[in-house]
Amino acid sequence: MAILNRLACGSARGGLKRLAGLWFVMFAVLVASGLDLPAQTATTKEYQVKAAFVYNFAQFVEWPPEAFPEGQTPLVIGVLGEDPFGAYLDEIVRGEKVNNRPLVVERYRRVEDIKTCHVLFISQSEAGRLEQVLASLRGRNILTVGDAEGFAQRGGMIRFLTEKNRIRFRINVDAAKAANLTISSKLLRLAEIITPGKD
């Protein structure tokens, strides 16, 4: 539990960097057992944990070659709409690489502003127009992540949900395949796989 607490805490002490070698192990533990979120825990803490998940998702997805036009093209993690992560997402990816590609965090007010993006967290502020957002992204190699009600059932790829104060996630494999993305079996084993209509 001490390690879980360190993972959920801010990276000011550099705890996340020191635990880099244990990411997958901790990731598996978090998903398999869930992460307890005591009632007194602030929403900020919840999104710190979700930021860690978003970073990990990037490590377990394969994009087609055309998603990275140049050898040093960064892997872009985007946030569409109101940003629930604050500076924490930036801190967690600072200095990190995925497949030798640097990570960059971008924030978008509108889906039309998205030029290059590989992982996109779609904020709850966009829930009312989620179908429109996803339709605008159709045909692009973007892993969509969100925590809005029905996110995966409505066509998103990975949905966070909280059950009995534990963060878990569901994956819509068909949506990922439609975007020409391959999700690692290691990640799929940790998730609940859904088909539209079940989310």
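What counts, and at which threshold
Residues numbered from 1 in each chain as written. Predicted model: local features only at pLDDT ≥ 70, side-chain atom pairs only at ≥ 80, totals over all residues. Heavy atoms only, no water. pLDDT = per-residue confidence, 0-100. Contact = heavy atoms within 4.5 Å. Helix = DSSP H or I, 4+ residues; strand = E, 2+ residues; numbered from the N terminus. Salt bridge = Lys/Arg side-chain N within 4 Å of Asp/Glu carboxyl O. Buried < 20%, exposed > 50% of the residue type's maximum accessible area, 1.4 Å probe, protein only. Pairing = 2+ DSSP bridges. Right-handed = clockwise from strand over helix to strand, strands pointing away. Polar contact = N/O pair within 3.5 Å; in protein donor to acceptor, adjacent residues only side chain to side chain.

### Side note on the confidence of the model for the protein
Confidence in the prediction of the protein, expressed as mean pLDDT, is 83, and 77% of residues score 70 or more. Scored below 50 in pLDDT, residues 1-26 makes 42 contacts in the model with residues more than four places away or belonging to other chains.

### Section: unusual backbone geometry
Even without being a glycine, N100 presents a positive backbone phi close to 65°. With respect to the helices and strands, the residue N100 is situated in the loop between strand 3 (97-98) and strand 4 (101-108). Of note in the backbone geometry, N180 takes a positive phi value of approximately 65° without being a glycine. Take N180: it is sitting in the loop between helix 7 (173-178) and strand 9 (182-183).

### Quick word on the pattern of salt bridges
Applying the stated criterion to the full structure yields 12 salt bridges. K50 is the salt-bridge partner of D147, the closest N and O atoms lying 2.8 Å from each other. In this pair, D147 sits in the loop between strand 6 (143-146) and strand 7 (158-163) while K50 sits in helix 4 (residues 43-59), placing the two residues 97 residues apart along the sequence. In this structure K50 comes out as buried when scored by relative accessible area, which is 3%. With a shortest N-O distance of 3.9 Å, E112 and R110 are connected by a salt bridge. Judged by its relative accessible area of 43%, E112 is partly exposed. On the basis of relative accessible area, R110 is assigned to the partly exposed category, the value being 45%.

### Things to note about the sheet that holds strand 10 (residues 192-194)
Read across the open sheet, the eight strands follow the order 3-4-2-5-6-7-8-10; overall the sheet is mixed. Each edge of the open sheet carries a strand with a single partner, namely strand 3 and strand 10. Alignment of strand 2 (residues 75-80) against strand 5 (residues 119-122), held across four bridges, turns out to be parallel. By the bridge assignment for strand 5, L80 is matched with I122.

### Points about the pairing of strand 5
What you see with strand 5 is no split at all: V119 and F121 on one side and L120 and I122 on the other are buried throughout. Pairing geometry for strand 5 and strand 6, over four bridges, is parallel. Residue pairing across strands places F121 opposite V145, the latter belonging to strand 6. Once the chain exits strand 5 it traverses helix 6 (residues 130-137) before rejoining the sheet at strand 6, and the crossover so formed is right-handed.

### Notes on the pairing of strand 2
Taken residue by residue, a regular strand's side chains alternate between the two faces of the sheet. Most of strand 2 is tucked away, with six of its six residues classed as buried. Neither face of strand 2 is open: one carries L75, I77 and V79, the other V76, G78 and L80, and all of them are buried. For strand 2 and strand 4, the ladder comprises six bridges, and the chain directions are parallel. Paired with G78 across the strands is E106, a residue of strand 4.

### Here's the deal with the side chain of H118
Structurally, H118 is set in the loop between strand 4 and strand 5. There is a polar contact of 2.9 Å between the side chain of H118 and the backbone oxygen of A67. The residues touching H118, leaving out its near neighbours within four places in the chain, are W63, A67, F68, P74, L75, V76, N141, I142 and L143.

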